[in-house]
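# Breakdown of the fold
Chain by chain, the residues run as shown.
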Amino acid sequence: MDVLDQLGAVREGKLSRRAFNRSLFAVGISTVMMPVLPRRALAAPEDHATWFTWGGFDIPDYFDEYVAKRGELPNFSTYGSAEEALNKLQSGFVADIAMPCMTDVPRWSETGLFQPIDTSRLSNWPDIMPDLWNVPYNLKDGKPWLVPWEWGQTSIVYRTDLFELQGEESWDMLWDQRYAGRLGMLGGGGDAWWCAAIKAGVPFDQIHTDEAFEKISAVLREQRPLIRVYSDDTTSTDTALAAGELVACMAWNSSAVSLIGQGVPVKFAKPKEGALTWVCGQMLHAQAPNLDSAYDILDSLMSEAASAALIGGSGYGGSNRKAYDRFTDDELAALGLSRNPLEILEAGHLGIPQTAEWDRRMTETWEQIKLGF
Amino acid sequence: MTHAAGQSLRVARPSALVRFLHRHEGWRGYLLMAPALLLMAAAIIFPIGMTLVMSTWSLSGYDMVATPGLGNYTAMAEHPMFRVLILRSLTIALTCTAVTVLLCYPMAYFVAFHGGRHKAMWLIVMTLPFWTSYLLRVFAWKVVLGYEGVLNTGLIGLGIVDEPIAALLYSQTAVTIVLAHSWAAFALLPIYVSLEKIDRSYLEAAADLGDGPMKRFWRITFPLSLPGVVAAFIMMFVPTVGEYITPAMVGGPDGMMIGNLIQAMFGPMNNWPAGAALAVVMMLTIGLAGLVFVVLDRLLRR
Amino acid sequence: MARYTGFHAPNRTLAIYAAVFAFVLYLPILFIPIFSFNSGVYVKFPLEGFTLQWYVDLFNREPLKAAFWNSVKIAATVSLLSTVIAVPAALAIARYRMPGKAPAVSFMMLPLVLPGLIMGVALLGLLNRLGVTLSLVTVTIGHMVICLPYAISVLLPRFVGFNRSLEEASADLGEPPLRTFWRVTLPCNYPGILACMLMTFTISFDEYFMAFFLSGPKSTLPMYIWGQLRFPQDFPSLLALSTLILLFSFALIFTSLRLSKVGQTAQTGAQK
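Residues numbered from 1 in each chain as written. Chains lettered and ligands numbered in written order. Predicted model: local features only at pLDDT ≥ 70, side-chain atom pairs only at ≥ 80, totals over all residues.

Assigned secondary structure in chain A consists of 15 helices and 14 strands. Of the contacts formed within chain A by residues at least 6 apart in sequence, a portion of 76% connects residues at least 24 apart. (Helix = DSSP H or I, 4+ residues; strand = E, 2+ residues; numbered from the N terminus. Contact = placed C-beta atoms within 7 Å.)

Quick look at the structure:
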């Protein structure tokens, strides 16, 4: 039946239920089968590489150079956790570029899924701060597995109105008995284990020793009854801090930026023992199907514009040193960064990649501790 | 005229295939089930097979060593962590399934018997909340159960408690409550379906023979609805044991379930063989629990 | 024929129970629209102020809209196909004696037991070996595998108790089996089939694990939401989307109910 006829029939009360149902059915089917309206910039043709990254980073802001060169954005594929990403890759999913963190490099590089990056193909490479990539386990025959893209700090975010400081800011805050049941920790061993090492006084170059394992495990077990939540889900922990559910939580600098921006009275602690610093970046798939496009993606991400967008947009540090010139000292300080990123990197403790065996042992121990064993 | 009438009445002899199917009920049945069976065969055999096989492997460095062995299983028997988690998962699943089925039954009864013309509407209204995202619903629950959340504020306001109850969120209680809510629709629908098809004439006959409403319910309605109740129970219990997202978001350190450990093994711990072994144990456990239900079901049908 | 509830007098207690049940069911859900208008980014009380900003943001978030439509398409397809496959299967299980029926049925119920994570990883491995490229189609297939057991479970009790005399009557009157099915079986079991379609749609629309592992470059709504959890600022837009989904669904039902009532009065009108 024609649409107009139907409407007329409805008005006159003559439409039978059957006919009505039939037309509803037809409408439903056609709505669903209607192709999604063309999205201009995001409908990329086949020969663009795929950037497999954290949800939230799949935005055009980092791709000015790429779009200038190729006219369109690359393909994106997102994940919510690096573990899931590795799972998917190990199960056979092929993405040209993935985004782990520096401490993941030994584990990821040994899977055989990735290839070292030929930095001579990256025009922006000279501007990338060497301290971020020139670390153990990252270089193979002079070529890095991971090109750094963002760096930041893990420290404590605490409510200045709810948490009564005793003395200086320190990692002891997260072991404070007064606030049992109101403290939070990040869930990933990559942050928690290392911060516990700082608290236990274990120097990072000793972190692979058995003694270190004992000390750190002891300290974490001691802490467990005080912890309300172990989570990497920033939205949840930030909300909990804003709601007063948590009074202090291990967090990344972006949390502090976001909470302060919303007017919640928090502070990003500078613990006297030093905060944890980390670096994350891009790794190239060994069977990347679109190698040229992939290198263009990398280059675009390494550009000054992308780094600046990263700093301004999320509060994480960019790896391109020129990007820092775009911000005033005050702006950088508010974000927990500085014009001379090295000084922050050196004041904190930079996580050092360890062997794959260490990684497994640490994760096993940590997961068991979290479960209460 | 008669000639034409005779022609129109003549029915063509059915083909050999149709005749065969007519005689052999079993073949008819399997033919109807064929699409479902084929899809499942293709999609289940491999995952389960792979899980079983992988559970016998072990790790060496980052590679999986493909020599079969029961190492993963013995490790599980020794370490108390697995037993505790499995028991905890079973308990939570059992509790919230029982609570949900119990609470949903009267609702399903209401829609089936008192829904009248609006049955379809009630059904849809009951399922609508579940078209919002699971994750967002869990977030919404955090608002209700939180330290300064709706429930706590209400309880303090009413003077029932002096301080907020911290154990409402990030605890096993929270997991049970949120799971019960999340699966309500899935428990409701099977119970409704089986209540709805009960022939009203049975009830009328019983009324005519002198049974009051309560008696009618217990002697006719309830027993006839049991298949639906059992279906609802199984449909909710089985997946709930392996739940992962809800415990991760509202469980707190003590609310983790077996699904979280399996995910940890496949993820950060990168020990796929052990994860597979744990999954096999979980499946067997659920299978055993399921057997119990099936036996109950058979008994009840008598 | 009007529904004869005869001696089922409107039960006050039960009606109150139903109302309370519906209220508790919807209570957490109601916070989603409430916070979608909240100007604060975090989902917590007290409310900060009224804003429509998150809704405006929605229109600019291409990936979110794309993910949403992908989910709708997949869920609708899954719902339709699962029901189409499950109805004959459930009929067969309910009626026919088949050798090896019980094991076959248990086999089909197996996906319920497997954790979604493992099914996802394993299916991805399988598809990989077969050389199939990942896309929304693979997600659809994955979802169908999960939804089928539910679909059959919902339909089965219905078909088991279905009074076959109606079908037999129809056959006696000369209808070939397929038309009997279409004109008698289906309409009589329509609440069950509707329940089945609703359930499978809901499961697919909200499913995360299979979708994550089996999807190619396009993502579904749950995947997108899960990925957004690291960015609190972007969270309220998700609440806005959810609210819109709720509103749209309500509007759809309201409209269809009004219009179906129109059909009924038309028929009674014609009888005069």
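Anyway, onward from the coordinates.
For the rest of this paragraph, the subject is helix H5 (residues 116–130) of chain C. Because the α-helix completes a turn every 3.6 residues, residues three or four places apart line up on one side. Residues and elements named next belong to chain C. Taking 1.5 Å of rise per residue, the 15 residues of H5 would be expected to cover 21 Å, and the 21 Å separating its terminal C-alpha atoms lies within 8% of that figure. Taken as a whole, H5 has its buried residues at Gly116, Leu117, Ile118, Met119, Gly120, Val121, Ala122, Leu123, Leu124 and Leu127. Immediately downstream of H5, the backbone of Gly131 shows phi near 75 degrees, a positive value. (Expected span 1.5 Å × (residues − 1). Buried ≥ 20, exposed ≤ 12 C-beta atoms within 10 Å, placed from the backbone.)

Another point: the interface of chain B and chain C. Listed per partner, the contact involves 78 residues of chain B and 81 residues of chain C. Among the residues making up the side of chain B that touches chain C, the classes are represented as 53 nonpolar, 15 polar and 10 charged. (Nonpolar A, V, L, I, M, F, W, Y, C, P; charged D, E, K, R; others polar.)

Reports of interface size often rely on the accessible area that becomes lost once the parts have come together. Residues and elements named next belong to chain A. By domain assignment, chain A separates into domain 1 (3–33), domain 2 (50–150 + 278–350) and domain 3 (152–277 + 355–371). Placing the centre of domain 2 and that of domain 3 at their C-alpha centroids yields a distance of 25 Å. Counting from both sides, the interface comprises 19 residues of domain 2 and, opposite them, 19 residues of domain 3. Secondary structure elements with two or more residues in the side of domain 2 that touches domain 3: helix H5 (105–109), helix H14 (341–347) and strand E14 (349–350). Taken together, the residues that form the side of domain 2 that touches domain 3 break down as 8 nonpolar, 8 polar and 3 charged. (Domains from an automatic or database assignment.)

To continue, consider the interface of chain B and chain A. The interface of chain B with chain A comprises 21 residues on the first partner and 27 residues on the second. Only helix H5 (80–114) and helix H14 (258–266) of chain B provide two or more residues apiece to the side of chain B that touches chain A. When residues of the side of chain B that touches chain A are assigned to their parent elements, the largest contribution, 3 residues, is made by H14 of chain B.

We now examine the pairing of strand E1 (residues 50–54) of chain A. Residues and elements named next belong to chain A. Judged by how many residues are buried, E1 sits mostly within the fold: 4 of 5 residues are covered. By the bridge criterion, 5 bridges tie E1 to strand E2 (residues 75–79) in an arrangement that is parallel. Paired with Thr50 across the bridge in E2 is Asn75. In the classification by handedness, the crossover that spans E1, the intervening helix H3 (residues 64–70) and the parallel E2 is right-handed. Pairing between E1 and strand E3 (residues 97–98): 2 bridges, direction parallel. Bridge pairing in E3 links Trp51 to Ile97. (Pairing = 2+ DSSP bridges. Right-handed = clockwise from strand over helix to strand, strands pointing away.)

All names here are of chain B. At their nearest, the axes of H5 and helix H12 (residues 213–241) sit 9 Å apart, and the two run at 145 degrees to each other. Seen along the crossing, H5 lies across H12 with a hand that is right-handed. Where H5 abuts H12, its residues Ser89, Leu90, Ala93, Leu94, Cys96, Thr97, Thr100, Val101 and Tyr105 lie against Val229, Ala232, Phe233, Met236, Phe237, Thr240 and Val241. The residue makeup of the contact of H5 with H12, split by class, is 12 nonpolar, 4 polar and no charged. (Axes fitted to C-alpha atoms, helices over the stretch in contact; angles between N-to-C directions. Left-handed = near helix turned anticlockwise from the far one by under 90°.)

Let us look at the nonpolar core. The biggest cluster of nonpolar side chains holds 290 residues, and the ones touching the most others in it are Ala108 and Leu188 of chain B together with Ala86 and Leu148 of chain C. There are two domains that each give this core at least three residues, and those are domain 2 (50–150 + 278–350) and domain 3 (152–277 + 355–371) of chain A. Ala86 of chain C has contacts with Ala36 of chain B together with Leu148, Ala151, Ile152, Leu155 and Cys196 of chain C, leaving out every residue within four places of it along the chain. (Core = buried A, V, L, I, M, F, W, Y, C linked by C-beta atoms within 7 Å.)

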